Amino acid sequence: MPDLMHSELTMSGPEQSLLAGALLGAGLPADAHRHLELAGRDYQSEALAEQHLREAHLLAPDHAAVLIGLYRFYFYKGRLGEALEVAQACLCKAARDNGLASDWRRVRRGDAEFSSYSAVLPRFYLFALKAYAYLQMRLGQLNEGHAAVEKLLELDPTDKVGAAVLLEVWRRIGQDDDD
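1. Brief notes about the overall build of the protein chain
- In terms of helices and strands, the protein chain carries nine helices and zero strands.
- Here the protein chain holds 179 residues, and the buried ones make up 46% of them.
- Within the protein chain, contacts between residues at least 6 apart in sequence are counted, and of these 64% link residues at least 24 apart.
- When the accessible surface of the protein chain is split by element, carbon and sulfur atoms take 51% of a total near 8800 Å².

Here you go:
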């Protein structure tokens, strides 16, 4: 299955600019930023890139840019268990930043501006929950992944983050492609 949720955590164009300016770049220490850049430069050397990401994480352990950098690295390197750990850290950070319950199951639609696509922090929460759902499904935790997808659709009934695609994947699990 293609990288469905990464259009959110690996955005381009105006979406990337909005999130990068408002959420990702603000407050990132210069040394952490340098390590993120070096991780990108050294991406082909897994050990070196990961070391730079770990250094950035030591300098800014709760910064969204660092967490997303770690997440993307682990995801694209096929290290899905580690990507899931980072997705969970993103979800915790997004919950704190939005003043939401720490357990995503207790979050309700009215708890944040989930319906506003321009509300950066609530959108980051939705993207983190989508990453969590996707990885749970990829790692075989289908019930947990499905529950997270259902929560996404409850929080975002107009499906701005594309959770319906994951729901359709969940529905098709175990079916032949000819069905």
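2. Focus on the state of the cysteines
- Using the criterion set out here, one finds zero disulfides in the structure.
- Left without a disulfide partner, Cys90 is nearest to the cysteine sulfur of Cys92, which lies 9.5 Å away.
- Note on Cys90: relative accessible area 2%, which makes it buried.
- Given a relative accessible area of 40%, Cys92 falls into the partly exposed group.

3. So, the environment of Arg72
- Checked against the element boundaries, Arg72 lands in helix 5 (residues 64-76).
- Distance in space between the C-alpha atoms of Arg72 and Ala87 is 9.7 Å, their sequence separation being 15 residues.

4. What about the side chain of His35?
- Note on placement: His35 falls in helix 3 (residues 30-41).
- Using a relative accessible area of 11% as the deciding quantity, one classes His35 as buried.
- Those residues in contact with His35 that lie beyond four places of it in its chain are His52, Glu55, Ala56 and Leu59.

5. Some points on helix 8 (residues 142-155)
- Here helix 8 contains 14 residues, and its C-alpha end-to-end distance of 20 Å stays within 8% of the 20 Å for a straight helix at 1.5 Å per residue.
- For helix 8, the full list of buried residues reads Gly145, His146, Ala148, Val149, Lys151, Leu152, Leu153 and Leu155.
- The secondary structure elements touched by the buried residues of helix 8 are helix 7 (120-138) and helix 9 (163-172).

Procedures and definitions
Residues numbered from 1 in each chain as written. Predicted model: local features only at pLDDT ≥ 70, side-chain atom pairs only at ≥ 80, totals over all residues. Heavy atoms only, no water. Helix = DSSP H or I, 4+ residues; strand = E, 2+ residues; numbered from the N terminus. Buried < 20%, exposed > 50% of the residue type's maximum accessible area, 1.4 Å probe, protein only. Contact = heavy atoms within 4.5 Å. Areas by Shrake-Rupley, 256 points an atom, 1.4 Å probe, with all protein chains shown as cover. Disulfide = S-S within 2.5 Å. Expected span 1.5 Å × (residues − 1).

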